[in-house]
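# A structural walkthrough
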Amino acid sequence: MSRFWHPFSNMAETTSNGRVVFTRGRDCTIVDVEGNEYFDATAGLWYCAVGHGRRRIADAIGRQAAELAACTCFDVYASDVTLRLADRIADNSPVDDPRVFLTSGGSDSIDTAGKIIRRHFTLRDQPQKTMMIARENAYHGMHAYGTSLAGIPANHDGWGTLIPEVAQIGAFDLEALERTILELGADRVAAFFAEPVIAAGGIFPPPEGYLRQAAAICRRHGVLLVCDEVVTGVGRLGQWSASERFGVRPDLMVMAKALTSGYQPLGAVIVSGAVAEPFYAGEGEWLKHGYTYSGHATACAAAMENLDIIEEEALFDRVAALETKLPSLLGPLAELECVSEVRTAGLLAAIQLDTAELERRGTSGAEVNVGCRERGQITRLLACGALQFSPPYTATEEQIGRFGEAVEDAVTAVSRRSPPALA
Ligand SMILES: Cc1ncc(COP(=O)(O)O)c(C=O)c1O
C-alpha cells in the first residue's frame, strides 16, 4: 500500500476502491499505468490549458533548471525570468498601475491578497478595516483565508474557529452586498472577493451586469474588489481575464493554474498601484510576507513558454470559438431524466445531475462519475452534484462530442440499472 495521502479524498474509500495511477499525457489524453487512455475533460484541476506533453515547456524548464533553478527573491534579489514574467502579467492585466506578487498557487495567492489588504489598511491608519465579504458557493483555495472565505459548506465547516472577519452573502445578491457593507460599516469592510464565474462551486456564470454593479458598490463604499481568476484567468473565457470580459478593473486580481498550464506550480497576485502605494512610497514599508518559492525561476520559465504557446497558437480565440459550440454539444444532456441543467461559460461546463432522482433510483453522482471514467472520460463530481467540464484549450469539437455521448451513456446506464421506486 502506498503511503501517499491523497488531497481531497476519503482515504478509507480511496484505499479500498483502488487508485487510478496516471503515467503519461499527450495533448487532451491522459494514460494510466495499465495503458488505458482517457480524455482529460477537466484539464487536471482546471489548469492544463495547452494540453499535456508539451516538449517546448519541458525544454524551457530543463534549460532554466540547468542555468539557475531558483534563487531567493526576498529583499533586493530576483531572477531575470521572474522580472520578465511579472511584467508580462502586469502588461496583460486590467488592474491600474499593477504590481505582481508571485506565489506557488491559488491558495497562496488568496492568503497573500488577504494579508496585503489588511496591511494596506493598517498603513492607511484604518486598522479596523478587516472584514472581507465572500459569497455562497465560493472556492478560494484551502489556506487560512481561502477556507475562511469558502462558500461551499463542506470546505468551510469542521475546522473550528477560522478567520472571524468574514461575512458571507448570496452568490449574485447585489442588494445583500450593499446592505452587508452598510450593516458592518464601510469603515470596517476591507474587501469583497469574487470569482467572476463561480467554478468549483458549480460553474455559475454571473447574471448580465453583475460584476460591474458589484464593482460600483465596492467603489462607492471604499471596499476593495478582489477578482479570483485562478480558474477564469489566462484564457478560460477566451480572454486574458474574465474581469475584462465583464468590464471591471479589480483592485486585486489573483491568477494561477493556466499561467503555467500546471507544468510548474505558480500563482500571482496582481495588486493595483493604489493598494501597493503605502509599501512603495516614501520610506516604504517591509512586507513581512513571502514564500521560499515566490518568483521561482523555473516556474517562471515554464509560464513564459506556456504563454508563448498560447499566443502563437491563438488559443484564446480557439476557446472563444468553442464557447459558441458548447450549448449544442453538451446542452442536450439536460434532457436526460437524471440531469437537471447544463451551465456553460467560456470553455467551462457543469452537467448538473439531479441527485435526488439518482438517489430515488438507488444510485449516485459518484457512480455516474465512475461510469464516465469507464467510458474513457476523466470528469469530476463537484460538491453541488455537477460533473465538471474544463478541458485543455486544444480540445476538438469531436472530443467534446464524444465526452457528451459518454456522459449520456453513463447517466443512462446508471439510472436504468435501478428503476425508479414506485411512489
Ligand atoms: C477560484 C479558485 N481560487 C483559488 C484556488 C486555489 O488554488 P490552489 O489549489 O492552486 O491553491 C482554486 C483552486 O481550484 C480556485 O478554483
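Residues numbered from 1 in each chain as written. Predicted model: local features only at pLDDT ≥ 70, side-chain atom pairs only at ≥ 80, totals over all residues. Heavy atoms only, no water.

### Points about the overall build of the protein
Which entries qualify depends on this criterion: Strands here are runs of E lasting at least two residues and helices are runs of H or I lasting at least four, both read from the DSSP assignment and numbered beginning at the N terminus. Three labels apply to residues, based on accessible area from a 1.4 Å probe with only protein chains included: buried if under 20% of the type maximum, exposed if over 50%, partly exposed otherwise in between. Only heavy atoms enter the contact rule, under which two residues are in contact if any of them lie within 4.5 Å. Reported accessibility uses the Shrake-Rupley method at a 1.4 Å probe radius. Residues are deemed covered only where the shown protein chains occlude them.
Scanning the protein for helices and strands turns up 16 helices and 14 strands. Along the first, second and third principal axes, the C-alpha set of the protein runs to 70 × 55 × 45 Å. Out of the 423 residues in the protein, the part that is buried amounts to 54%. Long-range contacts, defined here as pairs at least 24 residues apart, represent 72% of the contacts in the protein between residues at least 6 apart. Accessible surface, the protein: about 18,800 Å² in total, of which carbon and sulfur atoms supply 51%.

### With respect to the site of the ligand
Counted only if it meets this: The criterion for a residue being near a molecule or strand is simple. One of its heavy atoms has to lie within 4 Å of it. Here a polar contact is recorded for every N or O atom pair within 3.5 Å, except that within protein the pair must consist of a potential hydrogen donor and a potential acceptor, and residues adjacent in sequence are included only if both atoms are side-chain atoms. All residues other than Ala, Val, Leu, Ile, Met, Phe, Trp, Tyr, Cys, Pro, Asp, Glu, Lys and Arg, Gly among them, are scored as polar; the first ten of these are nonpolar and the last four charged.
Close contacts around the ligand come from W46, G105, G106, S107, Y139, H140, G141, E195, D228, V230, V231 and K257, and that covers them all. Contact between the ligand and G106: an oxygen atom at 2.9 Å from a main-chain N or O atom of the residue. Between the ligand and the protein, one listed contact pairs a nitrogen atom with a backbone N or O atom of Y139 at 3.5 Å. Across the complex, the protein chains shield 82% of the 390 Å² of accessible surface that the ligand would expose by itself. In terms of residue class, the shell around the ligand is made up of four nonpolar, five polar and three charged.

### As for the sheet that holds strand β3 (residues 37-40)
Threshold: Criterion used throughout: strands pair if DSSP finds at least two bridges between them.
Pairing is mixed in the open sheet, where four strands are placed in the order β1-β2-β3-β13. Because the sheet does not close on itself, it has two edges, and the strands there are β1 (22-26) and β13 (377-378). Across four bridges, the pairing between β1 and strand β2 (residues 29-32) is antiparallel. Its bridge partner lying in β2, R24 is registered against V31.

### Some words on helix α16 (residues 397-417)
Cut-off, in case you're wondering: In a helix, the anticipated span is given by 1.5 Å times the number of residues less one.
Helix length check: α16, at 21 residues, gives a terminal C-alpha distance of 30 Å against a target of 30 Å (1.5 Å per residue), a fit within 8%. All of the buried residues along α16 are Q399, I400, G401, F403, G404, A406, V407, A410, V411, T412, V414 and S415.

### Description of the pattern of salt bridges
Threshold: A carboxyl oxygen of Asp or Glu within 4 Å of a side-chain nitrogen of Lys or Arg is what we treat as a salt bridge.
With the rule as written, the count across this model stands at 20 salt bridges. Of the charged contacts in the structure, one is a salt bridge between E175 and R179, with a shortest N-O distance of 3.2 Å. Here E175 pairs with R179, and both are found in helix α8 (residues 174-184), just four residues apart, close to one helical turn. Given a relative accessible area of 34%, R179 falls into the partly exposed group. In this structure, the salt-bridge partner of E341 is R343, at a minimum N-O distance of 2.7 Å. You can call E341 partly exposed: its relative accessible area is 38%. Among the residues examined, R343 registers a relative accessible area of 7% and is labelled buried. One continuous salt-bridge network, built from bridges that share partners, spans E337, E357, R360 and R361.

### Some remarks on the environment of G141
One can find G141 in the loop between β5 (131-135) and α6 (144-149). Residues G141 and L266, spaced 125 residues apart in sequence, show a C-alpha to C-alpha distance of 14 Å. Filtering out sequence-adjacent residues up to four positions away, G141 remains in contact with S107, G146 and T147.

### Brief notes about the state of the cysteines
Rule in force here: The disulfide definition used here is simple: a pair of cysteine sulfur atoms within 2.5 Å.
Under the definition given, this model contains zero disulfides. Unpaired in this structure, C218 has its nearest cysteine sulfur neighbour in C227, at a distance of 9.1 Å. Under the relative-accessibility criterion, C218 is labelled buried at 1%. C73 provides the cysteine sulfur closest to C300, a residue in no disulfide bond, and the two sulfurs are 7.1 Å apart.

### A word on the packing of helix α15 (residues 365-374) against α16
The relative placement of two packed helices is expressed as an angle between their axes plus a distance between the axes. Our working definition: For helices, the fitted line uses only the C-alpha atoms of the stretch in contact; every axis is such a line through C-alpha atoms, and the angle between N-to-C directions lies from 0 to 180 degrees. Orientation is classified from the angle alone, with under 35 degrees giving roughly parallel, over 145 giving roughly antiparallel, 65 to 115 giving roughly perpendicular, and any other angle giving oblique. In this scheme the handedness of a crossing depends on how the near helix is turned from the far one: anticlockwise by less than a right angle means left-handed, clockwise means right-handed.
In the contact formed by α15 and α16, the axes pass within 8 Å of each other and the chain directions differ by 130°. Overall, the two elements α15 and α16 adopt an arrangement that is oblique. In terms of crossing hand, the pair formed by α15 and α16 is right-handed. Between α15 and α16, the contacting residues are E367, V368, G371 and C372 on the first element and V407, A410, V411, V414 and R417 on the second. Tallied by class, residues from the contact of α15 with α16 come to six nonpolar, one polar and two charged.

### Observations regarding the nonpolar core
For soluble globular proteins, the rule of thumb is that nonpolar side chains tend to be buried together. Counted only if it meets this: By nonpolar core is meant a set of buried Ala, Val, Leu, Ile, Met, Phe, Trp, Tyr and Cys residues that side-chain atoms within 4.5 Å join together.
By size, the foremost hydrophobic cluster in this structure holds 93 residues, and its most contacted members are L85, L177, F192, V234, W240, L330 and F389. At ten residues, the largest contribution of residues to this core is made by helix α12 (residues 297-312). If near-sequence neighbours (up to four positions away) are discounted, V234 is found in contact with Q239, W240, M255, A258, L259, L307, I310, F316 and Y393. Among the nonpolar cores identified, the runner-up in size contains 24 residues, and I116, M132, L224 and V271 belong to it.

### What to know about the pairing of strand β12 (residues 348-353)
Consecutive side chains of a regular strand alternate in pointing toward one face of the sheet and then the other. Buried residues dominate β12, accounting for six of its six residues. Alternating residues of β12 divide into L348, A350 and Q352 and A349, I351 and L353, and every residue in both groups is buried. Here strand β11 (residues 339-345) runs beside β12; their pairing, made up of six bridges, is antiparallel. When the bridges of β12 are listed, E341 appears paired with Q352. In sequence, β11 turns back onto β12 through a hairpin of two residues, with G346 there showing a positive phi of about 55°.

### Considerations on the domain arrangement of the protein
This is how the line gets drawn: As annotated, the domain borders come from an automatic or database domain assignment. A simple way to read buried area is as the amount of 1.4 Å-probe accessible surface that goes missing from two parts once joined, with both sides added.
With domains assigned, the protein is organised as domain 1 (11-53 + 314-417) and domain 2 (56-312). Listed per partner, the contact involves 31 residues of domain 1 and 30 residues of domain 2. Regarding the contact of domain 1 and domain 2, the summed buried area is about 2,300 Å², with carbon and sulfur atoms giving 65% of it. Our enumeration of links across domain 1 and domain 2 arrives at one salt bridge. With a shortest N-O distance of 2.7 Å, E323 and R245 are connected by a salt bridge.

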